[in-house]
Amino acid sequence: MRVARELAGKIQAAMAMLSAQLEEVRTQAENSLFMPGSAQEVRTGVSAMANIPLPPSAKYRYIAAETMVIENSGGSNKKETIASLQKLSTALNILEKYGSNLTSSNRPKYWRTVKHNNPVFRATVDAIRGGRAVLCLYGYTNQQPDGLSFPDEVTEPDIAKVASVTLEVMSLRMELDMFVKDVHPHPEFFERIIPSLTQKDDEEVSTDSAAVSTASDRPWDRLSLPMNSLSQPKGLLSLSSLTSAKQTALSADKCSICRIFPVASHCNTCVQRLCSECDQLFHLHPGRAMHSRVQVASFRPSKTVSASLATWQCSCTTVNTMQQVLCDTCERPRLAAAAAPTVQEEPQQPSTITEWQCKSCTVVNAGSSVLCEVCERPRLATRPPVTPSRPTPSAAVLLDSQWICQVCTYANHAPSSRCEMCDFSRSDPALSPSKPLPPSPIKDLSPLSIRPKLAPTEDPDLKRQRLLRAEGLKLIQLIREGEIKGVSPEEVYTSLRVSGSGSLSGSPCDWVKTELPHRLDEICAIAASFQHSPKPLHSTLFNCAGEESGLEGLKSGTVPLSRAEAKQAWLTAGGDSEKAARQALRDRWAKVKELASLGFTDTAACEEALRQSGGEVRGALVLLQRPLLEPFHKHMWSDEAEPPIDINHPDKQRVCRRLLAVYDLPSWGRCELVLSLLRDPAAPYTLEDVVQAVRESHDRDFIRRVLTKECPICLSVFPHSKMQSLTSCQCSVCSGCFKQHFTIAVRDKHIRDMVCPVCWEPDINDPEHLNSYFSTLDIQLRDCLEPDVYELFHKKLTEQALIKDPKFLWCSHCSYGFIYDGDQLKVTCLQCRNSFCAQCKKPWEAQHAGVSCEQFQLWKRENDPEYQRQGLAGYLRDNGITCPNCRFQYALARGGCMHFSCSQCRYQFCSGCNNPFHTTCAVAQCSVTGLHAHHPRDCLFYLRDWEPARLQALLQKNGVAFNTDTAPGTQTGVCGVIEQKDEGAHQTDSACGAQTQPGQAGLCEKHYREYLVSLINGHSIDPAPLFHFNELLLACRRYQVELARGEGEDDRPYFNRLMKKLIEDVPLGDKVPRKK
């Protein structure tokens, strides 16, 4: 029992270690699957997953691998079962392609669906059990009549899950391939779940069975305990067989990447055994440069190697036998070709092979190439049969002293290190072109004794190559000299043939410059003689019955050839003058026929055009078309006006074509619509208006409405193009009324009167509307108004913007405005040259120098008789109305209507609290419509209804003194306060004239109340403490103060609580004038 428990603990520890190793390998492979260009890492991870000694039920997390293998392993013996597993492996290969497409960054166009009618799908995936279940794991869960698809709400596949499923599919397929090839390190996992694998036929006994250990020799088969029982010894033996005999024979001596060269190092990080070349290339990547590697001593391969171990792995992870050149699955050639291991002893290969020599053409190729770069024969192909050749006495000596160039295959002598033909450097001087020839059968002949007697003979092939090389170098030199002198290579070659009879000793460039023009004139003369006597030419040039007309044309033609034509024919004929003349005439007639096919039938004109253009058809065509285009050019460049389109022209199509050309209408139907509207006698439309309306729509009724717009000012009918509208409203007026309205507004009215003449929108009191409105209005008025009117508009617009500047001042003498940058109180107007105070805006007096405005005001009250005579009327005048928008001061009282309109900026506000009057209220809870303002509780708008005694009581309660006596010298009985009055359509400033009352300082009751309220506002006194109960409730409702009354709350506590809440929550007016 103790041994069993210890064994069970070891099994559990081994299983935990293998599970952790599986998760690590799985994570690395999934990360590599997302990275582009990491196919080698993916293949390494899949191979590592397949070689981990775990059963399918414990190794695969997503796919039911064991169930798929059991359900798809049909047959009564091993041969039939292997065939069914091969079919399953093929289906898994197709499923792997589906998963790879989903994880790829460049997915196919139709990745969302899998069609059942696909022949590949029906023959592979649909032919096995569990194939559609794997597709469902990929995400193809929506069943369609013709296949499977992703659900409509899924826009992207689950890349992480698809990658995990794809890796398991790749690992299972690799395990099946290794099991079918009989190279699986742990075949007992499949033999246990497939009983038919243990039933072998006589035909299945292979010749290498002696090299492969039998089932009775496997330690894991000697025990019959089940694999799923972790507490029994058999599982421990199976899990500990990581380095079994088969796996050691398969991977211990060969590289895990190329499967050819011996292992030189072992990487502990990526768990691979690599040769020196693959180790250097694989760990050259920066991400793998820091891997820990251990050098492994190479060993000599065994003389007898089992055929089942001679395998190679393709880039698609399929394991193939070494005898197969192409992969069974993807039909790709081997990545690195190597001869299959044989039972004979082979010489020891070097650990690193960077080049290999083709046995057919002797070209040295790179070590990674499979096919020869020159003859494209495979690397393993044997030497082709050698054709017997005439032996030479010095053949062995020549072969020993020659080397073959890798670029041009030229045979060079051994002492030289660069190719004599292509000047390419020799990569390996020690490499000979082929194996040495067998020794001469004449053994008694000594080379030392016959070498002085035999005369040195040269190989004819080498001599021919040497001569060709010398002639080629000379020709290249002559061509380069010709390029410098402006002579083409064709001219150089042809001149060599003519001048030197093929010899390269002459100077062809000089001959081309001196003799070629005479030769070309000779060719032109020969061609002219052929034109005058065409019978000799008839048998060679015009030997067809259909070309008799061409002969007649050449008979009558007297246009000679140009030198360019003669030169081209001379080059074509190889320098033969007579042949060149015939060729020139033949080319001339072919070009004449080509021009005739384009519509130019005048043979003489065509020949003349060809002569002037040097025989080029394109240039001749330009010359022939130039006279035809002359009327068009004159019409295009003439100064005459384009004739108008005649709508009543009888040719309707001509009128429509002109409409299309001139007005660029979208279709022919629109042109006919324009023509029908213009020909309607009851519709007096202009052509431009109709064209613009037709461009917008093809509906006839809509076009008629667009063409008949009524101006609301002059009540005339105009088309829509003649109407103008502002961006602030939907009103439209004709262009004449629009121009007249804004011309009058600019010249005679204020800038704020420039609104719509129909609805008088927008509300210019809003600053945001003001800026956006005038920016668009400026664009409209630029092309509408006269230049002087537009300049005046810009001047007023500039003044309107300057008013908002804090440094802008209005003159108190002439109402002229300007910007003042100084820091002195005394300011001199630039217009009237009078001075005033920059702070209090009062006319400047000498007594104001050096004292503040308050001290100067107090001095005037005490010392100025005229000011004392005016009394409180002068006080109200000095503390008059100041516009909050432009800061212009008015020496007027606030009594009467509180609505005040500034004459400078047309700003409308309350003269008691300076809050604006508007029609569109910005307060969300306001339900008042029309022109109104919101006043604070200390505004004159509410306090003017109080009796003077109540106002005096409020001042006395706060300790503020007030006047009740009439100032000496003032007029008694009549109020002299200046105020603004409406007289008809105008507003005038005049004295109040109302009767005064005793005890009110010589003012009427209205202006005395205004005087008392000015003192209340000047001292920031809150009138709420004197509110009655009803006034308090009304004020709370007005300012949204909660009026909820507590249960059982008395009137006095309720009144005190409301009073406190009103004073704390609702402050006094922030714009109320606070001047004392």
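(A) Region of interest: the overall build of the protein chain. Within the protein chain, the secondary structure is distributed over 39 helices and 26 strands. The buried share of the protein chain, taken over its 1076 residues, is 40%. When contacts within the protein chain are restricted to residue pairs at least 6 apart in sequence, those whose partners lie at least 24 apart make up 53%. Surface summary for the protein chain: the accessible area is close to 60200 Å², and the carbon and sulfur share equals 54%.

(B) Spatial organisation of the side chain of Gln-272. Tracing the chain through its elements places Gln-272 in strand β5 (residues 272-274). There is a polar contact of 3.4 Å between the side chain of Gln-272 and the side chain of Thr-44. Setting aside anything within four residues of it in sequence, one finds Gln-272 in contact with Thr-44, Ser-256, Ile-257, Ser-265, His-266, Cys-267 and Phe-282.

(C) The arrangement of the side chain of Ser-89 in detail. Position of Ser-89 relative to the elements: it lies in helix α5 (residues 78-103). What Ser-89 contacts, discounting residues up to four positions off in sequence, is Arg-173, Leu-176 and Asp-177.

(D) Quick look at the sheet that holds β5. Here three strands make up an open sheet; going across it, the order is β5-β4-β6 and the pairing antiparallel. Edge strands, defined here as strands with exactly one partner in the open sheet, are β5 and β6 (293-295). Strand-to-strand twist across the sheet, computed as the mean angle between neighbouring axes with direction ignored, equals 25 degrees. Of the strand pairs in this sheet, strand β4 (residues 265-267) and β5 are connected by three bridges, and their pairing is antiparallel. Bridge pairing links Cys-267 to Gln-272 in β5.

(E) Region of interest: the packing of helix α25 (residues 652-663) against helix α26 (residues 668-678). Two elements in contact, α25 and α26, have axes separated by 9 Å at closest approach and are oriented at 110 degrees. Relative to α26, the element α25 lies roughly perpendicular. The crossing of α25 and α26 is right-handed. Together, Lys-652, Gln-653, Val-655, Cys-656, Arg-657, Leu-659 and Leu-660 of α25 and Trp-668, Cys-671, Glu-672, Val-674 and Leu-675 of α26 make up the contact between the two elements. Residue classes in the contact of α25 with α26 are distributed as eight nonpolar, one polar and three charged.

(F) Main features of the environment of Lys-841. Looking at the element boundaries, Lys-841 is found in the loop between β20 (835-837) and α32 (853-863). Residue classification places Lys-841 among the buried residues on the basis of a relative accessible area of 19%. With near-sequence residues (within four places) excluded, Lys-841 lies in contact with Leu-809, Ser-812, Phe-836 and Gln-889.

(G) Expanded view of the state of the cysteines. Tallied over the entire structure, the rule returns zero disulfides. Cysteine Cys-913 remains unbridged, with the sulfur of Cys-910 as its closest cysteine sulfur at 3.6 Å.

(H) Examining the packing of α5 against helix α8 (residues 159-180) more closely. Packing of α5 against α8 brings their axes to within 9 Å, and their N-to-C directions diverge by 155 degrees. Here α8 runs roughly antiparallel to α5, going by the angle between their axes. Of the two elements, α5 crosses α8, and the hand of that crossing is left-handed. Of the residues that constitute the contact of α5 with α8, the class distribution is 15 nonpolar, seven polar and three charged.

(I) Examining α26 more closely. Taken as a whole, α26 has its buried residues at Arg-670, Cys-671, Leu-673, Val-674, Leu-675, Leu-677 and Leu-678. Close packing links the buried residues of α26 with α25, α27 (687-696) and α28 (700-707). For α26, the side-chain oxygen to backbone nitrogen distance between the N-cap and Arg-670 is 3.4 Å, and the N-cap itself is Ser-667.

(J) Just a nonpolar patch on the surface, in detail. A grouping of Leu-629, Phe-632, Met-636 and Trp-637 is seen on the molecular surface, where their side chains present a nonpolar patch of about 510 Å² in accessible area. Relative to the assigned elements, Phe-632 resides in helix α24 (residues 617-637). Under the relative-accessibility criterion, Phe-632 is labelled partly exposed at 47%.

(K) View of unusual backbone geometry. The omega torsion across Glu-761 and Pro-762 is 5 degrees, close enough to zero to call that bond cis. Take Pro-762: it is sitting in the loop between α29 (735-748) and α30 (767-782). Unusually for a residue other than glycine, Trp-760 sits at a positive phi of about 55 degrees. In this structure, Trp-760 sits in the loop between α29 and α30. Unlike most non-glycine residues, Arg-833 shows phi in positive territory, near 65 degrees. Within the element layout of this structure, Arg-833 appears in the loop between β19 (826-828) and β20. For Arg-833, a relative accessible area of 54% puts it in the exposed group.

Calculation criteria
- Residues numbered from 1 in each chain as written.
- Predicted model: local features only at pLDDT ≥ 70, side-chain atom pairs only at ≥ 80, totals over all residues.
- Heavy atoms only, no water.
- Helix = DSSP H or I, 4+ residues; strand = E, 2+ residues; numbered from the N terminus.
- Buried < 20%, exposed > 50% of the residue type's maximum accessible area, 1.4 Å probe, protein only.
- Contact = heavy atoms within 4.5 Å.
- Areas by Shrake-Rupley, 256 points an atom, 1.4 Å probe, with all protein chains shown as cover.
- Polar contact = N/O pair within 3.5 Å; in protein donor to acceptor, adjacent residues only side chain to side chain.
- Pairing = 2+ DSSP bridges.
- Axes fitted to C-alpha atoms, helices over the stretch in contact; angles between N-to-C directions.
- Parallel < 35°, antiparallel > 145°, perpendicular 65-115°, else oblique.
- Left-handed = near helix turned anticlockwise from the far one by under 90°.
- Nonpolar A, V, L, I, M, F, W, Y, C, P; charged D, E, K, R; others polar.
- Disulfide = S-S within 2.5 Å.
- Patch = residues over 30% accessible without salt bridge, like charges linked within 9 Å, V, L, I, M, F, W, Y side chains within 5 Å.
- Salt bridge = Lys/Arg side-chain N within 4 Å of Asp/Glu carboxyl O.

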